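Structural description and commentary
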Amino acid sequence: MKKILTIVGARPQFVKAAVVSRVIKEKFSDKVTEVILHTGQHFDEKMSEIFFLELGIDSPKYNLEVSGLSHGAMTGRMLEGIEKIIKTEKPDYVLVYGDTNSTLAGALAAVKLHVKVVHVEAGLRSGNMNMPEEVNRILTDRISHLLFCPTESSVHQLNKEGIFDRVINVGDVMYDAAVYFLDRAKKESKILESLNLRKPFALATCHRPVNTDDKETLTEILRALDYLSSRIEIVVPLHPRTQKLIETYDIAHFIEHLVITDPLSYLDILRLESEAEVIITDSGGMQKEAYFLGVPCVTMREDTEWSETVTSGWNVLAGSSFDRITQEVNKILNGEVISNYETNVFGNANSGEKIIQEILNAN
């Protein structure tokens, strides 16, 4: 019996963990035991607890409740707490997802205690070292024992960096999740009804520090959404941090014509994504989900770790300027999207099973 300590801390990681945890329960319960540790990075009910309940993930055995600190302080506190739990649990592997502070802290704590690190979503690069996520990805990849890549391009990226051993393209666990939960989202989610939404509508999110920490940048983005709302209704599930900064900057008048909601559950988001005319976001996960669902996406960044979505034509990088955002969204609304949708770029919706099988086969 192999023991895996799974470390999560942010909403996208809960979705990814749900895929692998379900596979362990349904197919490998006689060979694998899993212990879940929540760092607390997303800590309130709407950002955390509802995801565990809705996605069927076991409640975490541990919750470090580390949140709301600077990157260094947060990572340090997590590192200290995770180290103690690794010593207690003595896992064979520590499994981390993605590129958050929780990811890096889990990987560092494990490798320093000579426990093998499994990195799901290895090999992703945006090329922007100003993003804390980029630093977290690179460092985690360098110290991981098993590197599970979501696409062939992420395998090639690791190879370019001189990493060849134990690099495996398993596909994308978020694609697994979208395929598994989409029918349920369409049947169970009542978000369109509760918001009294009629088609067509757009879905927009904005949470990255590069877009929110500067008043001028966030104003440009909100001004663009406000302008576009005269043409199409725009739903904005507002991250608590973004909401706070909007109030601090005194720019709330730019969101008066938007449909503002609190953070939503995964099923609600999935239903909105699947029925939106266009998605406008700075989220890496939402860029992918737009591609999975065949919905055009305008990304409010100058770079992306998901290059496949851009080369296919389904995703356009628009940065954070009013002119570029409005121009690209209007192109989509005018039917000017040129796309080349490729199936199987992100796998065949069996990534979770591949991950556990590879762990069991590993030395």
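Above this note sits the structure.
This text gives an overview of the structure that appears in the document. All of these numbers come straight from a predicted model, not from anything done at the bench.

**A look at the environment of S70**
Assignment of secondary structure puts S70 in the loop between β3 (62-63) and α3 (71-89). We classify S70 as partly exposed; its relative accessible area is 47%. For the pair formed by S70 and S283, sequence separation is 213 residues and the distance between their alpha carbons is 20 Å.

**As for the packing of helix α7 (residues 173-188) against helix α13 (residues 284-293)**
For the pair α7 and α13, the least separation of the axes is 10 Å and the interaxial angle reads 55°. If you check the angle between α7 and α13, you find them oblique. Two packed elements cross with a definite hand, and for α7 against α13 that hand is right-handed. Listed contacts from α13 to M174, Y175, A178 and L182 of α7 are G285, K288, E289, F292 and L293. Looking at side-chain class alone, the contact of α7 with α13 contains six nonpolar, one polar and two charged residues.

**Observations concerning the state of the cysteines**
A complete count under the given rule lists zero disulfides for this structure. The cysteine C206 is free of any disulfide, with C297 supplying the nearest cysteine sulfur at 13 Å. Residue classification places C206 among the buried positions, given a relative accessible area of 11%.

**What about the sheet that holds strand β2 (residues 32-38)?**
Pairing between sheet strands relies on hydrogen bonds along the backbone, with the strands arranged either parallel or antiparallel. The strand order β3-β2-β1-β4-β5-β6-β7 describes an open sheet built from seven strands, whose pairing is parallel. Among the strands making up the open sheet, the edge pair consists of β3 and β7 (167-169). With seven bridges joining them, strand β1 (residues 2-8) and β2 adopt parallel strand pairing. Across the sheet, L5 pairs through a bridge with V35, a residue of β2.

**Examining the packing of aromatic side chains**
Overall, the coordinates contain seven aromatic pairs when judged by the stated rule. On the numbers, 5.7 Å between centres and 85° between planes, the contact of F181 with Y266 is edge-to-face. Remark: Y266 occurs in helix α12 (residues 266-275) and F181 occurs in helix α7; sequence separation between them is 85 residues. For F181, a relative accessible area of 2% translates into the label buried. For Y266, a relative accessible area of 3% puts it in the buried group. When the ring of F292 is compared with that of F346, the centres are 5.3 Å apart and the planes differ by 80°; the resulting orientation is edge-to-face. Placement of F292 in helix α13 and of F346 in the loop between α15 (322-333) and α16 (351-361) is noted, with a sequence separation of 54 residues between them. Using a relative accessible area of 3% as the deciding quantity, one classes F346 as buried. Among the aromatic residues, ring-to-ring pairing joins Y175, Y291, F292, W306 and F346 into one connected group. Directly above the aromatic system of Y180 lies the positively charged group of R22, at a separation of 3.5 Å from the ring centroid. The positively charged end of R223 is found above the aromatic ring belonging to F322, 4.1 Å away from the centroid.

**So, the sheet that holds strand β13 (residues 315-317)**
Across the sheet, which stays open at both edges, the six strands sit in the order β10-β9-β8-β11-β12-β13 with parallel pairing between neighbours. In this open sheet, the two strands that pair with only one neighbour each are β10 (259-261) and β13. With direction set aside, neighbouring strand axes in the sheet form an average angle of 20°. Relative to strand β8 (residues 201-204), α12 is tilted by about 130°, and along the sheet it contacts β8, β9 (233-237) and β11 (278-281). The strands that α15 touches are β11, β12 (297-299) and β13; relative to β11, the one it contacts most, it runs at about 165°.

**Description of the pairing of β8**
Alternating residues of β8 divide into F201 and L203 and A202 and A204, and every residue in both groups is buried. In terms of strand pairing, β8 meets β9 through three bridges, oriented parallel. Its bridge partner being in β9, F201 is matched across the sheet by E233. As judged from the three bridges shared by β8 and β11, these two strands associate in the parallel manner. Counterpart to A204 in the pairing with β11 is I280.

Scoring rules and cut-offs
- Once a new chain begins, its residue numbering starts again from 1 and follows that chain's sequence as written.
- At least 70 in pLDDT is required for a residue's local features to be given in this predicted model, at least 80 for side-chain atom pairs to be given and counted, and no such filter applies to totals for whole chains, interfaces and linings, which use all residues.
- Hydrogens and water molecules were not included; the side-chain quantities draw on all heavy atoms of the structure.
- In this text, helices come from DSSP runs of H or I with a minimum length of four residues, and strands from runs of E with a minimum of two, each type numbered from the N-terminal end.
- Here the term buried applies to any residue with accessible area under 20% of the maximum for its type, exposed to any over 50%, and partly exposed to those in between, with areas from a 1.4 Å probe on protein chains only.
- Where helices are involved, their axes are fitted lines through C-alpha atoms of the stretch in contact, as for all axes, and angles between N-to-C directions lie from 0 to 180°.
- Here roughly perpendicular refers to angles of 65 to 115 degrees, roughly parallel to angles under 35, roughly antiparallel to angles over 145, and oblique to all remaining angles.
- In this scheme the handedness of a crossing depends on how the near helix is turned from the far one: anticlockwise by less than a right angle means left-handed, clockwise means right-handed.
- Any two residues whose heavy atoms approach within 4.5 Å are treated as being in contact.
- Charged residues are taken to be Asp, Glu, Lys and Arg, nonpolar residues to be Ala, Val, Leu, Ile, Met, Phe, Trp, Tyr, Cys and Pro, and polar residues to be all remaining types, Gly included.
- Working definition: a disulfide is two cysteine sulfur atoms within 2.5 Å of each other.
- In this description, strands pair whenever DSSP reports at least two bridges between them.
- Here is the rule: rings of Phe, Tyr and Trp (six-membered ring for Trp) pair when centre to centre is within 6.5 Å. Planes less than 30 degrees apart are stacked, more than 60 are edge-to-face, and the remainder are tilted.
- Two thresholds decide whether a charge sits over a ring: the Lys NZ or Arg CZ must be within 6 Å of the ring centre and within 35 degrees of the ring normal.

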